[in-house]
Amino acid sequence: MTLFLTTFFIIYGGMHLYFYTGLTGAYPLAPAAAAGLALFLALMVVAPVGERMLESRGRESQARAVAYTGYFWMGFLFVYCAGTLCLDLYALSVHAAGLVFTTLPPSLVPSPFVSFAVPAAVSLAANIWGAVEAVRLRTERITIVSDRIPANVGRLRIVQISDVHIGLIVRKKRLERIVAAAANEKPDVLAATGDLLDGETTDTAEAVRLLQGVKPRYGKFAVLGNHEFFAGVEASVAFLTASGFTILRGATAAVRGVIQVAGVDDPMGRRSGPGGKLTDRELLSRLRPEGFTLFLKHQPVVERGAEGLFDLQLSGHTHKGQLFPFGLVTRLVYPFNAGYFALPPRSHLYVSRGAGTWGPPVRILAPPEIAVIDLVRKA
């Protein structure tokens, strides 16, 4: 945790310094104004940690105010820095070209005003649009044909919810829409693939009540994401159990002879969980090879040797970057970044963009979703 916080403060603090130099370069400030700006930026650097501290002490209203302020600012700063970096790299390339081609006009290099104002305006507009987009839940539909679905079933509907991040920002109204959308699809199975909780949420009674209202024919299954470990394993397990989920921690379950389900913890707590050092391949090898296997795993990573041992893996975690252009970064880390993937010889993978938000309550080119997967018996 110390290493994480140190890295966070270095990177996030550097982004604030980048913003400060950009603004003061474009608009020279009086000493008092410069000091006030520096104080505001310093407070924004520590706001995410301050919000967690207030939340852990039960001061939820103050924590919520800090969270909204700090995270909206974070969203603005992220997109601003990405835009400014692009302009700075362009200016650097022009300067480099000027060493070779001495006839380049100086007007090719953007002024300090343009270098600050354009990214700031674009970021502000993108974040306003992204705040609206973050609450416009989409329903993604996938149909998978398999001869492993029993003839007497014909069709089985799985609804996946992932990365809701119930907490200070994703509250009752957002969760009501997510739960209603899931329930309206009349699922046979509800699968939660991690990060339903965000952090040390003190009051989850309303969320439990809402999730209890979804009653699929064959049950609800969940795995723990990294944020369930941030919230505390015991509290997260109690929350999911009270909400009606069967939690799979390196475990399997048979669903009334229809399909079989396996699930694992997020790597953050996997080795210390009930499954211990059990690999995906070892876990999946315990299941009947002729049955349809649903595999729940928070991070969209397909373990070597596990291909072909499951029919459908459901994952989340990436949010598809949540804020463009960070989807390009998550794609580098997770090649299966979002959406549907066919994995020969017979496996399928679906990676959810998530239904909620982490940090900034904003989504830019990565709208929230629930996924509806229809398993249809092959004729």
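Scroll up to find the structure this text is about.
Residues numbered from 1 in each chain as written. Predicted model: local features only at pLDDT ≥ 70, side-chain atom pairs only at ≥ 80, totals over all residues. Heavy atoms only, no water.

### Focus: the sheet that holds strand E9 (residues 312-315)
No. 1: The six strands lie next to each other as E6-E7-E8-E9-E11-E10, forming an open sheet whose pairing is mixed. Two strands close off the open sheet at either side, each with one partner strand: strand E6 (251-255) and strand E10 (339-343). Here the average twist between neighbouring strands, direction ignored, is 20 degrees.
No. 2: Summarising the sheet, E10 and strand E11 (residues 347-351) pair through five bridges and their orientation is antiparallel. Paired with Leu343 across the strands is Ser347, a residue of E11. (Pairing = 2+ DSSP bridges. Helix = DSSP H or I, 4+ residues; strand = E, 2+ residues; numbered from the N terminus. Axes fitted to C-alpha atoms, helices over the stretch in contact; angles between N-to-C directions.)

### A closer look at unusual backbone geometry
No. 1: Cis geometry is adopted by the peptide bond preceding Pro325, which originates at Phe324 and carries an omega value of 15 degrees.
No. 2: Here Pro325 lies in the loop between E9 and helix H10 (326-333).
No. 3: Geometrically, the link from Pro344 to Pro345 is a cis peptide bond, its omega value of 10 degrees lying close to zero.
No. 4: In this structure, Pro345 sits in the loop between E10 and E11.
No. 5: For Asp163, which is not glycine, the phi torsion reads 50 degrees and is therefore positive.
No. 6: Looking at the element boundaries, Asp163 is found in the loop between strand E2 (155-161) and helix H5 (172-184).
No. 7: According to the relative accessible area criterion, Asp163 is buried, its value standing at 0%.
No. 8: Even without being a glycine, Asp195 presents a positive backbone phi close to 60 degrees.
No. 9: Relative to the assigned elements, Asp195 resides in the loop between strand E3 (189-192) and helix H6 (205-212). (Buried < 20%, exposed > 50% of the residue type's maximum accessible area, 1.4 Å probe, protein only.)

### Some points on the sheet that holds strand E12 (residues 369-377)
No. 1: Spatially, E1-E12-E2-E3-E4-E5 is the arrangement adopted by the six strands of the open sheet, whose pairing is mixed. Bordering the open sheet on either side are strand E1 (138-146) and strand E5 (245-247), each of which pairs with just one other strand. Each adjacent strand pair in this sheet contributes to an overall mean axis angle of 25 degrees, direction not counted.
No. 2: Across nine bridges, the pairing between E1 and E12 is parallel.

### Some points on the pairing of E2
Consecutive residues of a regular strand have side chains that alternate between opposite faces of the sheet.
No. 1: Counted residue by residue, E2 has six buried out of seven residues, so it is predominantly covered.
No. 2: Here E2 runs beside E12; their pairing, made up of six bridges, is antiparallel. Paired with Ile158 across the two strands is Ile373, which belongs to E12.
No. 3: In the sheet, E2 pairs with E3 via four bridges, with the strands oriented parallel. Considered in E3, the bridge of Ile158 is made with Val189.
No. 4: Tracing the backbone out of E2, into H5 and back to the parallel element E3 gives a crossover that is right-handed. (Right-handed = clockwise from strand over helix to strand, strands pointing away.)

Without other data, these values stay purely geometric and don't point to any function.
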